[in-house]
2 protein chains.
Amino acid sequence: MADEALFQFLHNEVIQYIYKSDENEEMENGRCITKLENMGFRVGQGLIERFTKDTARFKDELDVMKFICKDFWTSVFKKQIDNLRTNHQGIYVLQDNKFRLLTQLSAGKQHLEHAPKYLAFTCGLVRGGLSNLGVKSIVTAEVSVMPACKFQVMIQKM
Amino acid sequence: MADEALFQFLHNEVIQYIYKSDENEEMENGRCITKLENMGFRVGQGLIERFTKDTARFKDELDVMKFICKDFWTSVFKKQIDNLRTNHQGIYVLQDNKFRLLTQLSAGKQHLEHAPKYLAFTCGLVRGGLSNLGVKSIVTAEVSVMPACKFQVMIQKM
C-alpha cells in the first residue's frame, strides 16, 4: 500500500514535470510521451535484471511473456495481467482490467484523452524488460473503458 | 526488494532527466536541486496523507518527528532513522547510517559532490510530510561518509 503510493505519486510528478517543462512550447505531446516511454524503458531494463537474477532460463518467447504478465506485473503493479492473448506470430495482447496507474483518474469519457500519458511509462517498462531478455519489441497501449487497458506487444524479429 | 528497486530506478531517472533537460544551460545545479526538492515535497504531502489516515492525533512536535523517523521512513526506505537528536528549540537532526538512495553510489570521495542531487528529493519528502501535519520547516541534508547522511530539520514557528 505504502509502496504503491510512493511509486504512484512519483509517477504522477514525473508526468507533470515533463509536461510542464514544456516551457518553450516546442515540446508537444508526442515528445513528452517519448520521454516518458524512454524513462520506462530504462527502469524496465534495470528491474528485469533484478527480478530474473535467480530465475531459470526461459524456454521460449511465450515463456518470457508469461513471466512479464505474472512476476513482473505483480512486482510493479501488485496484480497479474488478467488476460494474455497471442496470434502466435509475434503479437501479444496483455489486458489489465484494473490498471493501477489509471485507477486514480476518474472514469468519465472526457478524461480518456489523458490516458496516454499515464500509459507511456509502462509501455517503456515492458519494452525495456523484454529488451534485456533479448526480445526486441514495440509496445503500445489503448484504453477503451477506464481503468481497463490493453498493452499490445509486437515482437521485432531480428 | 522489488518495490525498492522500482522507486530507486525511477528516482535515478528523474534526477538524470532533470539534469539533462538543462539543455539551454540556463538551469544550473541549484535550480535542478530545487526542482527535485519540490517534487519530493508534493510526493511527501501525498504520502503522509495516506500514512496517517488511521493514526491517532499527534501529541506534539516531537511526536510528529518520531512518526517521520519510524513509520514514514520505514515505508519509504525500508528502515528506520538510526538516530534522532534535537536541541529542543526546533532543530532536529535525523541520521541514517545507510541511506538507501546513496548505497548505490560508490563511496569514494570523488563522488561526494554528487550526493546533493540524491538527497534533494528526500529533503522535500520530509518537508512535504511535515507540512501536511501542520509543521512548517526547512530541511537540508549533508553527507560526510557515504552512505551515511544527516537530515537537518529546522522548524519554522508560525
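Conventions we followed
- Residues numbered from 1 in each chain as written.
- Chains lettered and ligands numbered in written order.
- Predicted model: local features only at pLDDT ≥ 70, side-chain atom pairs only at ≥ 80, totals over all residues.
- Heavy atoms only, no water.
- Core = buried A, V, L, I, M, F, W, Y, C linked by side-chain atoms within 4.5 Å.
- Buried < 20%, exposed > 50% of the residue type's maximum accessible area, 1.4 Å probe, protein only.
- Contact = heavy atoms within 4.5 Å.
- Helix = DSSP H or I, 4+ residues; strand = E, 2+ residues; numbered from the N terminus.
- Salt bridge = Lys/Arg side-chain N within 4 Å of Asp/Glu carboxyl O.
- Phe/Tyr/Trp six-rings, centres within 6.5 Å; stacked < 30°, edge-to-face > 60°.
- Lys NZ or Arg CZ within 6 Å of the ring centre and 35° of its normal.

(A) Geometry of the nonpolar core. Formed by 98 residues in total, the largest nonpolar core has its most connected members in Leu-47 and Leu-102 of chain A together with Leu-47 and Leu-102 of chain B. If we ignore the near neighbours within four places in the chain, the residues touching Leu-102 of chain A are Ala-115, Tyr-118, Leu-119, Val-143, Met-146, Pro-147, Ala-148 and Cys-149 of chain A.

(B) View of the side chain of Thr-52 of chain A. With respect to the element layout, Thr-52 of chain A can be found in the loop between helix H2 (29-51) and helix H3 (61-77). Setting aside its immediate chain neighbours within four residues, Thr-52 of chain A contacts Phe-58, Phe-67 and Leu-133 of chain A.

(C) Inspection of the pattern of salt bridges at higher detail. Taken as a whole, this structure holds twelve salt bridges over all chains when the rule is applied. Arg-42 of chain A serves as the salt-bridge partner of Glu-13 of chain B, at 2.7 Å between the closest nitrogen and oxygen. With Glu-13 of chain B in helix H1 (residues 2-20) and Arg-42 of chain A in helix H2, this pair bridges two chains. Judged by its relative accessible area of 8%, Glu-13 of chain B falls in the buried class. Of the residues examined, Arg-42 of chain A reaches a relative accessible area of 33% and is grouped as partly exposed. For Lys-79 of chain B, the salt bridge goes to Asp-96 of chain B, with nearest N and O atoms at 2.7 Å.

(D) Focus on the packing of aromatic side chains. On inspection of all chains with the given rule, the structure shows 19 aromatic pairs over all chains. For the pair Trp-73 of chain B and Phe-77 of chain B, a centre-to-centre distance of 4.8 Å together with 50 degrees between the ring planes defines the contact as tilted. With a gap of four residues between them, Trp-73 of chain B and Phe-77 of chain B both fall in helix H3 (residues 61-77), about one helical turn apart. Residues Trp-73 of chain B and Phe-77 of chain B agree in their burial class; the two are buried. Ring centres of Trp-73 of chain B and Phe-99 of chain B lie 6.1 Å apart, and the angle between their planes is 40 degrees; this geometry places the pair in the tilted category. Here Phe-99 of chain B lies in the loop between strand S2 (91-96) and helix H4 (115-132) and Trp-73 of chain B lies in helix H3, a separation of 26 residues in the sequence. Across the pair, Phe-99 of chain B and Trp-73 of chain B agree in class, each one buried. Here the aromatic cluster, defined as three or more aromatic residues joined through ring pairs, consists of Phe-7, Trp-73, Phe-77, Phe-99, Phe-121 and Phe-151 of chain A. For Lys-117 of chain A, the ring lying beneath its charged end belongs to Tyr-19 of chain A, and the centroid distance is 4.6 Å.

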